[in-house]
Every structure is written in structure tokens, then in C-alpha cells.
Amino acid sequence: MSVTTAARVDLTAIGHNVELLRERAVGAELMAVVKADGYGHGMVPAARAAIAGGASWLGVATLEEAMTLRRAGLDGPAMCWLYAPGERFDDAVAADVDLSATSVGQVEEIIGAAGRVGRQARLHLKADTGLSRSGAAAADWPSLVDAALRAQAEGLATVVGLWSHLACADEPGHPSIAAQLRVFDDAVELAEKAGVRPEVRHIANSAATLTLPEARYDLVRPGIAVYGLDPIPSLGLARSLGLRPAMTLTARLALVKRVGAGQGVSYGHRYITSAETTLGLVPLGYADGIPRQGTNLLEVWAGGRKRRIAGTVCMDQFVIDVGDDAIQAGDEVILFGPGDDGEPTAQDWAEMLGTISYEIVTRIGARIPRTYGEGTDR
Ligand SMILES: Cc1ncc(COP(=O)(O)O)c(C=O)c1O
């Protein structure tokens with residue numbers, strides 16, 4: 001039985017993208033960032049495909065995501081970096097998950113867990129080099145380093161990494177990039193002088209992996225480019241390098257019918273037919289991650305052509321107007337895909353909506369099954 005709706009994920013594309021990124025990162029290891037359910041592609045299958053392509057690390061935001069990787073049998077280096085005071089690190093430490101530490105308090109919480117489970121915590125000390133999100137500010141960095149070294153001397157932790165994150169890597173030439181790298185180099189130098197011997201220093205996201213050789217250090221941490229989407233669309237690097245978008249979002253028309261001229265369509269009658277025409281009902285809506293702002297705006301591929309959404313995107317459905325073209329209930333609609341056959345891409349949707357492709361793919365809802373294959377499976 002063919003599925004009615006699906007986000008088809010091309011795992012070969014993910015592996016291929018990782019291979020290309022590794023070549024680009026010349027000599028650095030690669031951490032595939034698979035947080036947020038693998039940017040909507042499915043975390044565990046995406047992680048496996050990335051490892052097959054040469055990723056030696058996995059990166060996630062939350063402890064729960066890290067433990068999901070472990071429960072799936074992904075036992076290699078996996079790092080996680082976002083938690084609030086009071087979270088329990090016991091399971092993560094016991095499972096050898098690498099943990100970011102951004103403050104003395106966090107080191108204490110993490111080594112508390114290490115003491116309880118009888119295993120050394122693997123720490124990556126995070127410097128805030130100018131993003132002003134997480135990470136120790138320059139003034140707090142020496143005490144963070146000291147706390148980590150004390151924990152290491154007590155046998156409760158190993159300092160595996162020194163790391164940070166860039167604010168404007170997707171804006172080549174932005175002065176903050178060089179400024180952040182200088183602050184990072186200073187932070188690394190201070191830590192090394194204090195006695196830290198990091199296995200990996202890392203700061204590069206996809207944009208930096210692609211455009212900033214000086215930011216690659218020992219390990220790069222691409223996310224969006226692993227999924228074949230462009231971190232800097234204005235440069236068109238993803239396409240020119242041969243990265244392949246991995247997700248194709250499809251549905252089958254639930255209903256097709258003729259209506260007369262002047263017919264209001266969907267909630268609020270924000271679309272009125274201009275002539276007798278054929279409407280097709282697509283069974284996906286904002287509850288599935290189709291942005292309601294896409295009303296009368298976004299295009300999908302149906303019957304061999306792009307069609308604009310006609311009227312309001314509802315919770316579970318929207319309508320397209322195909323004029324007099326012959327379409328039938330059950331016909332496939334491609335909402336977005338790699339773009340090879342003319343269908344819109346996630347990047348096209350992002351541009352129409354004034355957002356980034358990250359938001360398009362990560363918001364695809366849990367109600368849509370992810371199906372996996374090699375190639376686009378068409
Ligand atoms: C800490 C960290 N590193 C790396 C990434 C990957 O970034 P990108 O998807 O732009 O490559 C992210 C994603 O937001 C992140 O939060």
C-alpha cells in the first residue's frame with residue numbers, strides 16, 4: 001500500500017554530503033549534528049547514514065537526544081550541549097556521552113554524576129567568543145578551566161574538547177568571524193597553558209566548514225549541509241559542491257473536484273476562483289509543519305507543474321487550483337524536494353516565507369512518516 005503522505009529521506013544523499021564535507025574540511029574530523037530529530041529527517045537513520053559517510057562524531061542539543069542515540073546502539077563519540085540546572089547527567093556520563101560545560105556550576109553538576117556512577121565524565125569546555133549564547137565569558141573562562149582541571153586531577157573527568165560557536169559564519173567577511181576566532185585562540189591558549197591537552201578544538205558549523213579553513217581546527221560540526229541544504233544560499237555553494245538535499249515531502253491528493261467561477265476557497269475565502277476550475281485537496285496542514293503563512297504563497301509540484309497554494313493553509317489540509325489540467329484523487333504532490341525535476345526546494349519555501357531552510361525541514365511534524373531509501377525513490 002502506498003503511503004498517503006511521507007517525508008522521503010534519501011540516506012545515500014546524507015552519506016554523500018558527509019563525504020563531501022569531510023573532503024572540504026581536509027584533515028579535520030566531522031561531527032554530524034543530528035539534533036532536532038536529525039533536522040527533521042529522523043535522528044537515528046540520519047546518524048547512521050552520516051557515520052557511513054565518514055562522520056566520526058555525532059552532535060545533539062539535549063541529554064534525551066544523546067540517550068536516544070545510545071539506546072539505538074550508536075556507541076561512538078556523541079556530544080551534547082544544552083541543559084538547565086538540575087538536569088541529571090548520570091545516564092549520559094555512564095553512557096560516555098561527551099558533555100559541554102559552560103560554567104563552574106555545570107562542571108560540579110556533571111562530576112557529581114561522575115562520582116555517583118563511578119565513571120569519568122568527558123568534558124568539552126565552551127567559551128563564549130561573541131555569540132552571547134551559552135559558553136563562559138572571557139572573565140569566567142579561567143575559573144571554568146581550573147574547575148575542569150581539578151575534576152580531572154580527582155579522576156572524575158577528562159577534558160576532551162575546547163569549543164565555541166560562531167554568530168555570523170553565514171555572512172562571509174563579517175568582522176565578528178575573525179574577532180571570534182581570535183577570542184577562541186586566546187581561550188585555547190589559556191587553557192593549554194593551564195595544562196589542558198584537548199583532543200579536539202572545534203567551532204565550525206556548516207558555513208564555516210565550507211568557507212573558513214582557519215575555523216576548522218580538529219573537528220567540524222556541520223548540521224544543515226549534512227542534509228544537503230545550503231547554509232549560505234547567496235553563494236550557492238551547496239549546489240556547486242554537489243551537496244544533495246535529502247528530504248522530499250510528498251502527499252497524495254485526497255480529493256479532486258470541479259467548481260465554478262467566483263468560488264471562495266478554504267477558511268476566510270482568501271482565494272476566489274477566477275473561472276470554472278479543478279481544485280485538488282492536499283492532506284497536510286500547519287499541524288504537519290506547512291506554515292500557515294504559506295497561504296496563497298507557497299508552491300507545490302502537482303501534475304507536472306508548480307501550483308500555488310489556493311487560500312488558507314488549514315490545520316490538516318490545503319487546496320491547490322490546477323485550472324483545467326487533468327489530475328485525479330491519489331495523484332502525487334511534491335511539496336518540496338531536491339528540485340531536480342522542477343519541484344520547489346526547502347530553500348525556495350524558505351525564501352518565499354522570509355526564513356531559512358532549517359526552519360522548513362525541522363518543523364515537519366511527527367504525523368508525517370519518514371520513509372528511508374537510497375536515491376529519491378521516485
Ligand atoms: C552548537 C552547534 N554546532 C553546530 C551546529 C550546526 O550548525 P549548521 O546547521 O549551521 O551547520 C549547530 C546548529 O545550530 C549548533 O547549535
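Everything quoted here is computed from the prediction, not taken from an experiment. (Residues numbered from 1 in each chain as written. Predicted model: local features only at pLDDT ≥ 70, side-chain atom pairs only at ≥ 80, totals over all residues. Heavy atoms only, no water.)

1. Some words on the domain arrangement of the protein chain
Per the domain assignment, the segments of the protein chain are domain 1 (10-227) and domain 2 (247-373). In this structure, domain 1 and domain 2 have C-alpha centres spaced 38 Å apart. Taken together, the two surfaces of domain 1 and domain 2 that pack against each other cover about 860 Å², and 61% of this comes from carbon and sulfur. Linking domain 1 with domain 2 are zero salt bridges, by the criterion used here. The interface formed by domain 1 and domain 2 includes two residue pairs in polar contact (both at pLDDT 80 or more). Elements supplying a minimum of two residues to the side of domain 1 that touches domain 2: α1 (11-24) and α2 (35-39). (Domains from an automatic or database assignment. Buried area = accessible area lost by both parts, 1.4 Å probe. Salt bridge = Lys/Arg side-chain N within 4 Å of Asp/Glu carboxyl O. Polar contact = N/O pair within 3.5 Å; in protein donor to acceptor, adjacent residues only side chain to side chain. Helix = DSSP H or I, 4+ residues; strand = E, 2+ residues; numbered from the N terminus.)

2. What about the packing of α1 against helix α3 (residues 43-52)?
In the contact formed by α1 and α3, the axes pass within 7 Å of each other and the chain directions differ by 45 degrees. By the angle class used here, α1 and α3 are oblique. In terms of crossing hand, the pair formed by α1 and α3 is right-handed. Together, Leu-11, Ile-14, Gly-15 and Val-18 of α1 and Pro-45, Ala-46, Ala-49 and Ala-50 of α3 make up the contact between the two elements. (Axes fitted to C-alpha atoms, helices over the stretch in contact; angles between N-to-C directions. Parallel < 35°, antiparallel > 145°, perpendicular 65-115°, else oblique. Left-handed = near helix turned anticlockwise from the far one by under 90°. Contact = heavy atoms within 4.5 Å.)

3. Looking at the pairing of strand β10 (residues 247-252)
Burial analysis of β10 places five of its six residues in the buried class, the great majority of the element. Direction of pairing for strand β1 (residues 5-10) relative to β10: antiparallel, over a ladder of five bridges. Across the sheet, residue Arg-8 finds its bridge partner in β10, namely Thr-248. Sheet analysis places β10 next to strand β18 (residues 332-336), joined by four bridges and oriented antiparallel. Within β18, the position partnered with Arg-252 by the bridge is Glu-332. (Buried < 20%, exposed > 50% of the residue type's maximum accessible area, 1.4 Å probe, protein only. Pairing = 2+ DSSP bridges.)

4. Focus: the nonpolar core
In this structure, Leu-99, Leu-125, Trp-141, Phe-318, Leu-335 and Phe-336 are the most contacted members of the largest nonpolar core, which totals 119 residues. Lining this core are residues from two domains, each supplying at least three of them: domain 1 (10-227) and domain 2 (247-373). Sequence-distant contacts of Phe-336, defined by excluding residues within four places in its chain, comprise Met-247, Thr-248, Leu-249, Glu-343, Pro-344, Thr-345, Ala-346, Trp-349, Ile-360, Val-361 and Ile-364. (Core = buried A, V, L, I, M, F, W, Y, C linked by side-chain atoms within 4.5 Å.)

5. Points about the layout of surface pockets
Empty space within the largest pocket amounts to approximately 580 Å³. Around the largest pocket sit 29 residues that line it, and Lys-35, Tyr-39, His-165, Asn-205 and Tyr-358 are the ones nearest its centre. Contributions of two or more residues to the lining of the largest pocket are made by α2, α9 (206-211), α11 (346-353) and α12 (357-362). For the lining of the largest pocket, a count of residues per class yields 14 nonpolar, eight polar and seven charged. There are two domains that each give the lining of the largest pocket at least three residues, and those are domain 1 (10-227) and domain 2 (247-373). (1 Å grid on protein atoms, 1.4 Å probe; cavity = no way out; pocket = protein on both sides within 12 Å on 5 of 7 lines; lining within 4 Å. Points joined across faces, edges and corners; volume = space filled by probe spheres on them. Nonpolar A, V, L, I, M, F, W, Y, C, P; charged D, E, K, R; others polar.)

6. Regarding the site of the ligand
The immediate surroundings of the ligand are formed by 14 residues, with Lys-35, Tyr-39, Ser-206, Gly-223 and Tyr-358 found nearest. Within the contact set of the ligand, a nitrogen atom lies 2.9 Å away from a side-chain nitrogen or oxygen of Arg-221. Here an oxygen atom of the ligand and a side-chain polar atom of Tyr-358 are 2.6 Å apart. Here the ligand loses 92% of its free accessible area of 400 Å² to cover by the protein chains. Applying the majority rule of atoms within 2 Å of the grid points places the ligand in the largest pocket. In terms of residue class, the shell around the ligand is made up of seven nonpolar, four polar and three charged. (Near = heavy atom within 4 Å. Areas by Shrake-Rupley, 256 points an atom, 1.4 Å probe, with all protein chains shown as cover. Sits in = over half its atoms within 2 Å of the grid points.)

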